[in-house]
Amino acid sequence: MLNHIGNVQLDGHLPKPVLFAGLRDVTMAALGHKEQKPITGKRDPGLEMVKAIRGANILLVEDNIVNQQVVTELLEHARLNVTVADNGQVAAEKVKKEAFDAVLMDVQMPVMDGYAATREIRKEPQFKELPIIAMTANAMMGDREKSLQAGMTDHVSKPIVPRELFGALARWIAPGEREVPKIIDEEIPGMEEPVTGTPLELPGFDVENTLARMGGSHDVYRKILAKFVESEEGGI
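Keep in mind it's a predicted model, so treat the numbers as computed, not measured. (Residues numbered from 1 in each chain as written. Predicted model: local features only at pLDDT ≥ 70, side-chain atom pairs only at ≥ 80, totals over all residues. Heavy atoms only, no water.)

Moving on: the pairing of strand β3 (residues 57-61). With four of five residues buried, β3 is to be regarded as a mostly interior element. Sheet topology places β3 next to strand β4 (residues 81-85); five bridges connect them, and they run parallel. Counted as the bridge partner of I58 is V82 from β4. Following the backbone out of β3, through helix α2 (residues 65-77) and into the adjacent parallel β4, one traces a crossover that is right-handed. Both β3 and strand β5 (residues 102-106) contribute to a ladder of four bridges, which runs parallel. (Buried < 20%, exposed > 50% of the residue type's maximum accessible area, 1.4 Å probe, protein only. Helix = DSSP H or I, 4+ residues; strand = E, 2+ residues; numbered from the N terminus. Pairing = 2+ DSSP bridges. Right-handed = clockwise from strand over helix to strand, strands pointing away.)

Time to look at unusual backbone geometry. The linkage connecting K158 with the following residue, P159, adopts the cis geometry, with an omega of 0 degrees. Note on placement: P159 falls in the loop between β7 (154-157) and α6 (162-172). In the Ramachandran plot, R79 falls in the positive-phi region, its phi being about 65 degrees despite a non-glycine side chain. Examined against the element boundaries, R79 turns out to sit in the loop between α2 and β4. Among the residues examined, R79 registers a relative accessible area of 6% and is labelled buried. The backbone of V111 shows a phi angle near 70 degrees, a positive value even though the residue is not glycine. Take V111: it is sitting in the loop between β5 and α4 (114-122). For V111, a relative accessible area of 65% gives the class exposed.

Moving on: the sheet that holds β3. An order of β4-β3-β5-β6-β7 is seen for the five strands of this open sheet, with the pairing classed as parallel. Looking at which strands have only one partner, the edges of the open sheet turn out to be β4 and β7. Taken over all neighbouring pairs, the strand axes of this sheet differ in orientation by 25 degrees on average, direction set aside. Where α6 meets the sheet, it contacts β3, β5, β6 (132-136) and β7, and its direction lies at approximately 165 degrees from that of β7. (Axes fitted to C-alpha atoms, helices over the stretch in contact; angles between N-to-C directions. Contact = heavy atoms within 4.5 Å.)

Quick look at the structure:
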């Protein structure tokens, strides 16, 4: 998010969905109280929610490559195994071939949307209890009801809030001892360790709020920015 649009200077900005902390901070800043709570570099405490389900297999169904990267990084930091499907049709096929502990299902996708994919998966008796969690950019009551009617188990809003995402997974995945792939353990610092990475300085961007959605990790933020640049190359 930018603090200016064209030649118009703004006193602040508020991303949607609106969170209490963001509303508080932008209001205080507009009233002249500029001092903000610094980022400590500690991991989002929401990671503790999923400690008992480390190693769980998650199918992420999302067509946007940047969104794929963001959610994948969050889940892998929580020691969860991630498989990505670009649309609902691919997801329905993967569920029949591989064992998953939960599915994170975007609702608006090409080829087959999340609602149709969920109905297709639920046709098979063995998948009646498979947790399918909807992800939608429009976090309205109607969207939640539509997701539940399609057979989804729960609902989280986009852009993803780590604590909300982890809370939903912890709510529906049974705790237990699972194997965490060696490559994930080797590449990701321990949950109790401080987040590594030089703090980012991006004039005009709301780095603090974006970091909050990425578990406070500067390294993850850099990976997402690099992925975004790579996906947009040749498009300008």
